[in-house]
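Spelled out, the chains give:
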Amino acid sequence: MAATPRGTTPVPPDVRPRLTVLSGPSGVGKSTVVAHMRKEHPEVWLSVSATTRKPRPGEQHGVHYFFVSDDEMDKLIANGELLEWAEFAGNRYGTPRAAVQERLENGEPVLLEIDLQGARLVRESMPEAQLVFLAPPSWEELVRRLTGRGTEPPEVIERRLEAAKIELAAEPEFDTTLVNTSVEDVARELLALVDVV
Ligand SMILES: Nc1ncnc2c1ncn2[C@@H]1O[C@H](COP(=O)(O)OP(=O)(O)OP(=O)(O)O)[C@@H](O)[C@H]1O
Ligand SMILES: Nc1nc2c(ncn2[C@@H]2O[C@H](COP(=O)(O)O)[C@@H](O)[C@H]2O)c(=O)[nH]1
């Protein structure tokens, strides 16, 4: 039998906390679902991404995103400080590596809310990650939500809907699909997947 180092308890692989990636088309409701889940369960740790996008009204630096300049993003990328990054609808977004690694090393579950390109990169570098796809009840409802949010001008909505067609076609690449009909139901399902005890 293999020796166990003094003071450590081996964690069986099937209960080891996992990295969960939540993806889905822009406007499907990822942030809404995650916010609902974290209101009830603030212990679920969500990575805060860096982005070159300008803040929307009410968005706070360090809470919703780290809002960075193009130069700062160039440096984060060049220094290898991002676990993954992607360009989405004219802006760059990336996951700061250190905070994620620290949580995983402490055995804490980690949740990333990122786009399809990022999800694919995480799958390559961390095949043990579980990929969850959030799907809209219908295309019409997705358009309604993205437009109704009122945060982007029409040309940006068009870009995001073009990206959405590609993202919806990639659903079979994901381990699990949740359909966002009810925020409450999906938040409960996601909590179970994130495996917080
Ligand atoms: N189940 C739902 N039923 C009706 N409206 C919803 C539902 N979930 C989210 N919404 C609404 O849809 C809009 C888009 O939601 P949200 O901003 O959370 O999407 P997102 O997937 O995070 O988008 P993005 O990828 O662009 O950041 C919001 O106005 C939100 O209130
Ligand atoms: N690849 C990554 N995608 C990310 C990251 N953070 C957010 N996102 C995704 O970008 C789009 C647009 O977001 P928005 O806030 O401008 O509406 C959306 O799909 C996010 O999930 C990241 O670090 N990496």
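Residues numbered from 1 in each chain as written. Chains lettered and ligands numbered in written order. Predicted model: local features only at pLDDT ≥ 70, side-chain atom pairs only at ≥ 80, totals over all residues. Heavy atoms only, no water.

- An unreviewed UniProt entry lists the protein under the name Guanylate kinase, from Streptomyces luteogriseus.
- According to the UniProt record, the Sequence similarities (unreviewed entry) comment for the protein is "Belongs to the guanylate kinase family."
- What the UniProt record of the protein gives under Subcellular location (unreviewed entry) is the line "Cytoplasm". (UniProt positions renumbered as here; feature names shortened; annotations may be inferred.)

**A word on the overall build of the protein**
Piece 1. Assigned secondary structure in the protein consists of 7 helices and 8 strands.
Piece 2. Against the globule reference of 16 Å for 197 residues, the protein gives a C-alpha radius of gyration of 17 Å, in line with a compact fold.
Piece 3. Buried positions account for 43% of the 197 residues belonging to the protein.
Piece 4. For the protein, the proportion of contacts with a sequence separation of at least 24, taken over those separated by at least 6, is 67%. (Helix = DSSP H or I, 4+ residues; strand = E, 2+ residues; numbered from the N terminus. Rg over C-alpha atoms; globule rule 2.2 N^0.38 Å. Buried < 20%, exposed > 50% of the residue type's maximum accessible area, 1.4 Å probe, protein only. Contact = heavy atoms within 4.5 Å.)

**Overview of the site of ligand 1**
Piece 1. Residues in contact with ligand 1 amount to 15 residues; listed here are only the nearest, S26, K30, S31, T32 and R149.
Piece 2. R160 places a polar side-chain atom, nitrogen or oxygen, 3.0 Å from an oxygen atom of ligand 1.
Piece 3. For ligand 1, the accessible surface in isolation is 640 Å², of which the surrounding protein chains cover 75%.
Piece 4. Looking at the shell around ligand 1, the elements that each hand over two or more residues are α1 (30-40) and α5 (139-149).
Piece 5. Tallying contributions element by element places α1 first for the shell around ligand 1, with 3 residues.
Piece 6. Broken down by class, the residue content of the shell around ligand 1 amounts to 3 nonpolar, 7 polar and 5 charged. (Near = heavy atom within 4 Å. Polar contact = N/O pair within 3.5 Å; in protein donor to acceptor, adjacent residues only side chain to side chain. Areas by Shrake-Rupley, 256 points an atom, 1.4 Å probe, with all protein chains shown as cover. Nonpolar A, V, L, I, M, F, W, Y, C, P; charged D, E, K, R; others polar.)

**What about the site of ligand 2?**
Piece 1. Near ligand 2 there are 16 residues, and of these S49, R53, Y65, E84 and Y93 occur at the shortest range.
Piece 2. Here a nitrogen atom of ligand 2 and a side-chain polar atom of E84 are 2.7 Å apart.
Piece 3. The side chain of R160 places a nitrogen or oxygen atom 2.7 Å from an oxygen atom of ligand 2.
Piece 4. Of all the secondary structure elements, the ones that give two or more residues to the shell around ligand 2 are β4 (82-88) and β5 (91-96).
Piece 5. Per-class residue counts for the shell around ligand 2 are 5 nonpolar, 4 polar and 7 charged.

**Section: the sheet that holds strand β2 (residues 50-51)**
Piece 1. As summarised here, the arrangement of the 4 strands in space is β3-β2-β5-β4, forming an open sheet in which the pairing is mixed. Here the strands that pair on one side only, and so sit at the sheet edges, are β3 (66-67) and β4.
Piece 2. When β2 meets β5, the two strands line up antiparallel, connected through 2 bridges. Bridged to T51 within β5 is Y93. (Pairing = 2+ DSSP bridges.)

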